[in-house]
Amino acid sequence: MTVTSPEVDLTGGRPVVPSRGALRPLGLGEVRLTGGFWSARQQVNGAATLAHGRSWMDRLGWTGNFTADGTGSVDRRGRQFSDSEVYKLIEAMAWELGRRPDPALATELDELTGAVAAAQSPDGYVNTAFGRPGQPGRYTDLASGHELYCTGHLLQAAVARARTGDGGRLLDVARRAADHVCDTFGPDGIPGLCGHPEIETALVELARLTGQRRYLDQAALFVARRGHRSLPPHAFGWSYYSDDIPVRAADVLRGHAVRALYLASGAVDVAVETGDDELLAAVAAQFDRTLARRTYLTGGMGSRHTDEAFGDDFVLPADRAYSETCAGIAAIMLAWRLLLATGESRYGDVIERILFNVVATAISDDGRSFFYANTLHQRTPTRPVPDDEEQLGFGGGPRAPWYEVSCCLPNIARLLASLGTYLATAGDDGLRLHQYADAEVATRLADGRRVGLAVRTRYPDDGLVLVRITETGAGPWSVTLRVPDWADGATLVVGGERRAVAPGAVEVRREYAVGDEIRLELPVRPRFTVPDPRIDAVRGCVAVERGPVVYCAEATRPVAVDTDPDATTTDGGDLDTIRIDPAVVPVDVADGVEVRARFDAPGGAGWPYRPPAATSAGPGSVPVRLVPYHRWGRRGPATMRVWLPTT
Ligand SMILES: [Zn+2]
């Protein structure tokens, strides 16, 4: 049976389509990245990362777990949640097909869809780790089995495929799986919930796509059930799966970071669709407090390795930054939903910070290796990783081609393939730009007028953003630009008139003609940033940022600067002893930013605690070149640090 939704949008899809809110998201057919920083990464994603993910999933048997007869399975391979990685890869393929036609990729997606469909039981259940002979029974391990989590990713993949032109077989599989979930966990069913949120946001999006209210109701039920300690006690506490406090009663995100952020995203979706403004405000307040107290400078979240969790307020040690790549992506998901709901441009700041400093850091230049955790301070040199070996640990180290748990790579892939949709939105009366990149945007306003614009920029290398009107109708309309939170001293030039603009949203409303130009000049230059003194782990340090990009010191050779006259760049130097001179402002130099620093003589070899005394200074200060944090670890084994002690 083929189900065709009335909402299937052949012009190109959007991951999130709320039925109400301040802003309307634009689809891949309406916003196209045409060049620059993200376009390059998007092309590598399509050309290499998708195939890389597929080859590893085939090799490790994760795709092969979807056996045709539904009986599976004694040889099932991978962790309990490996189905979800296959679904995320399918989702990434779908968004990629929304971006550009690719018959071979479409065939591959169809083939994977066929495998998933064949593994689905007649009652709609689909999961390769449970319910078959020799396996645990269905839903016997809700706390850690990830069954509903996997189903959620299946639904998201199907939504992506439907919104990029094929509302057929995969959507049919997803609807039957969702019906099974509703039948099993509905008001008259098992009163349980999954230890790993994800099904909530997925059910809402499937409801938005299909118009089926029961999926939304089920999502709302799952959100309402959480926080009552109905899951089994966990060694890390009920907070590990956000089951310690009801969603609307909590004041901050806590526990496992990805779980908490996926849940918050689903809660926003439920709140928007049900008109539950109290729930929306509660999640927005939790996110605000999390940003203020539990977020790294990079936008990364999660400082506890043991349980991949948020630490307490201000527990943000640089050298123990977990900052899982998936947590960054999940925070983008949450910020995007809040941006659409509220129209507050500051959520665009959050997304930008995470994109340039977590997502861009995580993936290698060739798109074939990645960071699972994103530390802000690498004390011992990273080591080369063979490109054909799966890594068992994921708490640090270099980018690796694959990990035993490889949630992050397909998550990056699905985000990059759909990234165009995060650039711009439409309001009632115009277009809004949230991220700056070479792009073309065209859509129809609420009154039917077609409008369009093209963006040209070298951002984030420099701060000049040119917006040229490419389509317009009669009468005035608005172009609204985000002036980033760091951009004090920005200037806007419209029709030859120049004016200063403050951080926030700046609206330019007028009767446009094709060819009209808006020029935004953002002050992209290096600057020092200091931490809140309550973040004890980095008190007395500075970081350097330039526009939205966080910089770092990186040492690729184990030499001491005081004995190597050439080591005045980031090639060398003992970063444990670096002391930045905060009186000398950082300046742009070729391929980086230069600061002045002194390298203290290393302390003694013994007991590292001693009476207070001035540290023994090495020779005078030397120039040290910092590089964008997202570029670290790309030149071979290296030490690195973002937060730099001062003299
Ligand atoms: Zn991950």
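Residues numbered from 1 in each chain as written. Predicted model: local features only at pLDDT ≥ 70, side-chain atom pairs only at ≥ 80, totals over all residues. Heavy atoms only, no water.

1. As for the confidence of the model for the chain
When pLDDT drops low, the exact placement of atoms in the prediction is not to be read closely. Keep this limit in mind: For every residue, the predictor reports its confidence as pLDDT, a number between 0 and 100. A contact between two residues is defined here by any heavy atoms of the two lying within 4.5 Å.
Of the residues in the chain, 93% have a pLDDT of 70 or more, and the chain-wide mean is 93. A low-confidence stretch, residues 1-10 stays under pLDDT 50, and its non-local contacts, those more than four residues away or across chains, total 21 contacts. The low-confidence segment residues 559-569 (pLDDT under 50) makes 18 contacts with residues lying over four places distant or belonging to another chain.

2. A word on the pattern of salt bridges
Where charged atoms from two side chains of opposite charge approach closely, those side chains can pair. To be explicit about the condition: By definition, a salt bridge exists where a carboxyl oxygen of Asp or Glu is found within 4 Å of a side-chain nitrogen of Lys or Arg. Helix and strand labels come from DSSP, where a helix needs a run of H or I of at least four residues and a strand needs a run of E of at least two; each type is numbered from the N terminus. The cut-offs for exposure are 20% and 50% of the maximum accessible area for each residue type, with area from a 1.4 Å probe on protein chains only; residues under the lower value are buried, those over the upper are exposed, and the others partly exposed.
Counted according to the given criterion, the structure contains 56 salt bridges. Note that Lys88 and Glu85 form a salt bridge whose closest N and O atoms lie 3.3 Å from each other. Of this pair, Lys88 and Glu85 both sit in helix α2 (residues 82-99), separated by three residues, roughly a single helical turn. Of the residues examined, Lys88 reaches a relative accessible area of 0% and is grouped as buried. On the basis of relative accessible area, Glu85 is assigned to the buried category, the value being 1%. Two residues, Arg546 and Asp588, come together in a salt bridge whose shortest N-O distance is 2.7 Å. Of this pair, Arg546 sits in strand β15 (residues 541-546) while Asp588 is found in strand β18 (residues 587-589), placing the two residues 42 residues apart along the sequence. What makes Asp588 partly exposed here is its relative accessible area of 41%.

3. A closer look at the nonpolar core
How we decide: Definition used in this section: a nonpolar core is a set of buried Ala, Val, Leu, Ile, Met, Phe, Trp, Tyr and Cys residues joined via side-chain atoms within 4.5 Å.
Trp38, Leu261, Phe287, Leu481, Leu522 and Val642 are the most contacted members of the largest nonpolar core, which totals 210 residues. For this core, the leading source of residues is helix α10 (residues 325-342), giving 14 residues. Discounting chain neighbours no more than four positions away, the residues touching Leu481 are Leu433, Tyr436, Val467, Leu492, Gly504, Ala505, Val506, Ile518 and Leu520.

4. A word on the layout of surface pockets
Here is the rule: Definitions used for this entry: grid spacing 1 Å over protein atoms alone; cavity, a set of points where a 1.4 Å probe fits but cannot get out; pocket, an open set with protein on both sides within 12 Å along at least 5 of 7 lines; lining residue, one with an atom within 4 Å of a point. Grid points are joined across faces, edges and corners, and a volume is the space filled by probe spheres set on the points. Three residue categories are used. Nonpolar comprises Ala, Val, Leu, Ile, Met, Phe, Trp, Tyr, Cys and Pro, charged comprises Asp, Glu, Lys and Arg, and polar comprises the others, including Gly.
Quantified by volume, the largest pocket comes out at close to 600 Å³. Lining the largest pocket are 25 residues, with Leu291, Thr295, Tyr296, Leu297 and Arg353 positioned closest to its centre. Of all the secondary structure elements, the ones that give two or more residues to the lining of the largest pocket are α9 (277-293), α11 (346-362) and β14 (526-529). For the lining of the largest pocket, the element with the most residues is α11, which contributes five residues. A per-class count over the lining of the largest pocket returns 14 nonpolar, three polar and eight charged.

5. A short note on the state of the cysteines
Convention followed: What counts as a disulfide here is a pair of cysteine sulfur atoms lying within 2.5 Å.
Taken as a whole and assessed by the stated rule, the structure comprises zero disulfides. Of the cysteine sulfurs around Cys194, a residue in no disulfide, the closest is that of Cys150, at 8.0 Å.

6. Describing the packing of aromatic side chains
Test applied: Whether two aromatic rings pair depends on their centres lying within 6.5 Å, for rings of Phe, Tyr and Trp, where Trp uses its six-membered ring; planes under 30 degrees apart make the pair stacked, over 60 edge-to-face, and the rest tilted. Charge-over-ring placement is defined geometrically: NZ (Lys) or CZ (Arg) within 6 Å of the ring centre, and within 35 degrees of the ring normal.
Applying the stated criterion across every chain, the model contains 22 aromatic pairs. Summarising the aromatic geometry, the rings of Tyr436 and Tyr459 are spaced 5.8 Å apart at their centres and angled 85° between planes, so their arrangement reads as edge-to-face. You can see Tyr436 sitting in the loop between β5 (430-433) and β6 (438-444) and its partner Tyr459 sitting in the loop between β7 (450-457) and β8 (464-471), a full 23 residues away along the chain. Here Tyr436 and Tyr459 have matching classes, each one buried. Members of the aromatic cluster, each reached through a chain of ring pairs, are Trp56, Trp62, Tyr322, Phe370, Tyr372, Trp402 and Tyr403. Here Arg41 stacks its cationic end above the ring of Phe37, 3.6 Å away from the centre of that ring. Here the basic side chain of Arg346 rests over the ring of Tyr347, its NZ or CZ set 4.6 Å away from the ring centre.

7. Structural notes on the environment of Leu221
Examined against the element boundaries, Leu221 turns out to sit in helix α7 (residues 213-225). For Leu221 and Thr375, which are 154 residues apart along the polypeptide, the C-alpha to C-alpha distance reads 37 Å. Excluding residues within four positions of it along the chain, Leu221 makes contact with Phe185, Gly186 and Pro187.

8. Details of the sheet that holds strand β2 (residues 31-35)
Short version of the rule: Strand pairing is defined by DSSP finding a minimum of two bridges between the two strands. A fitted line through C-alpha atoms represents every axis, and for helices the fit uses only the stretch in contact; the resulting angles, taken between N-to-C directions, go from 0 to 180 degrees.
Pairing is antiparallel across the open sheet formed by seven strands, whose spatial order is β2-β6-β7-β8-β13-β10-β11. Each having just a single partner strand, β2 and β11 (497-501) make up the two edges of the open sheet. Put simply, the sheet's adjacent strands are angled 20° from each other on average, direction ignored. Bridge analysis of β7 against β8 gives six bridges, and the strand direction is antiparallel. Residue Ala454 lies in a different strand from β8, and its bridge partner there is Arg468.

9. Side note on the pairing of β5
Two strands pair when backbone bridges link them, and strand β4 (residues 424-427) and β5 are joined in this way by four bridges, in the antiparallel orientation. Residue pairing in the sheet places Gly427 in a bridge with Gly430 of β5. Here β4 folds back onto β5 in antiparallel fashion, the turn holding two residues. Pairing analysis gives four bridges linking β5 to strand β9 (residues 477-483), with the strands arranged parallel. The residue of β9 that forms the bridge with Leu433 is Leu481.

10. Focus on the pairing of β15
The buried fraction of β15 is high, at six of six residues. Strand direction decides the pairing type here: β14 and β15, joined by four bridges, are antiparallel. By the bridge assignment, Pro526 is partnered in β15 with Arg546. In this sheet, strand β22 (residues 644-645) lies alongside β15 in antiparallel orientation, the contact comprising two bridges. Bridge pairing in β22 places Cys541 opposite Pro645.

11. Quick look at the coordination of the zinc ion
For a metal bound by four donors in a tetrahedral arrangement, the ideal donor-metal-donor angle is 109.5 degrees, while six donors in an octahedral arrangement ideally sit at 90 or 180 degrees. Here is the rule: Only nitrogen, oxygen and sulfur atoms within 2.8 Å of the metal, or 3.2 Å for Na, K and Ca, are treated as donors, and water is left out, so sites may look incomplete. Geometry is assigned from the angles between donors: four donors with all angles from 85 to 135 degrees make a tetrahedral site, four or six donors whose opposite pairs exceed 155 degrees while the rest stay between 65 and 115 make square planar or octahedral sites respectively, and everything else is labelled irregular.
At the metal site, the zinc ion is ligated by Glu324 (OE), Cys326 (SG), Cys407 (SG) and Cys408 (SG), and these contacts range over 2.1 to 2.3 Å. Viewed at the metal, the four donor atoms of the zinc ion are separated by angles of 97 to 119°, and the geometry they form is tetrahedral. Read in sequence order, the donor residues coordinating the zinc ion give the pattern E-x1-C-x80-C-C. Of this pair, Glu324 sits in the loop between α9 and α10 while Cys407 sits in the loop between β3 (377-378) and α12 (408-417), and the two are 83 residues apart along the sequence. For Cys407, a relative accessible area of 8% corresponds to the buried category.

12. Comments concerning the packing of α2 against helix α4 (residues 147-163)
Let me state the cut-off plainly: What sets the label is the angle itself: under 35 degrees gives roughly parallel, over 145 gives roughly antiparallel, 65 to 115 gives roughly perpendicular, and the rest give oblique. By definition, turning the near helix anticlockwise from the far helix through less than a right angle yields a left-handed crossing, and turning it clockwise yields a right-handed one.
Following both chains from N to C, one finds α2 and α4 inclined at 15°, their axes separated by 8 Å at the closest point. Between α2 and α4, the interaxial angle falls into the category roughly parallel. Between α2 and α4 the crossing geometry is left-handed. Between α2, through Asp83, Ser84, Tyr87, Lys88, Ile90, Glu91, Ala94, Trp95 and Leu97, and α4, the contact on the second element is made entirely by Tyr149, Cys150, His153, Leu154, Gln156, Ala157, Ala160 and Arg161.

13. Some thoughts on α11
Here is the rule: A helix is expected to reach a length of 1.5 Å times the quantity of its residues less one. One fitted axis covers the seven residues ending at a residue, a second covers the seven starting there, and the bend at that residue is the angle between these axes.
Counted at 1.5 Å a residue, the expected span for α11 with its 17 residues is 24 Å, and the 24 Å between its end C-alpha atoms agrees. Where α11 bends most, the angle comes to about 40°, and this point is Leu355. Of all 17 residues making up α11, 16 are buried, and the element is well covered by its neighbours.

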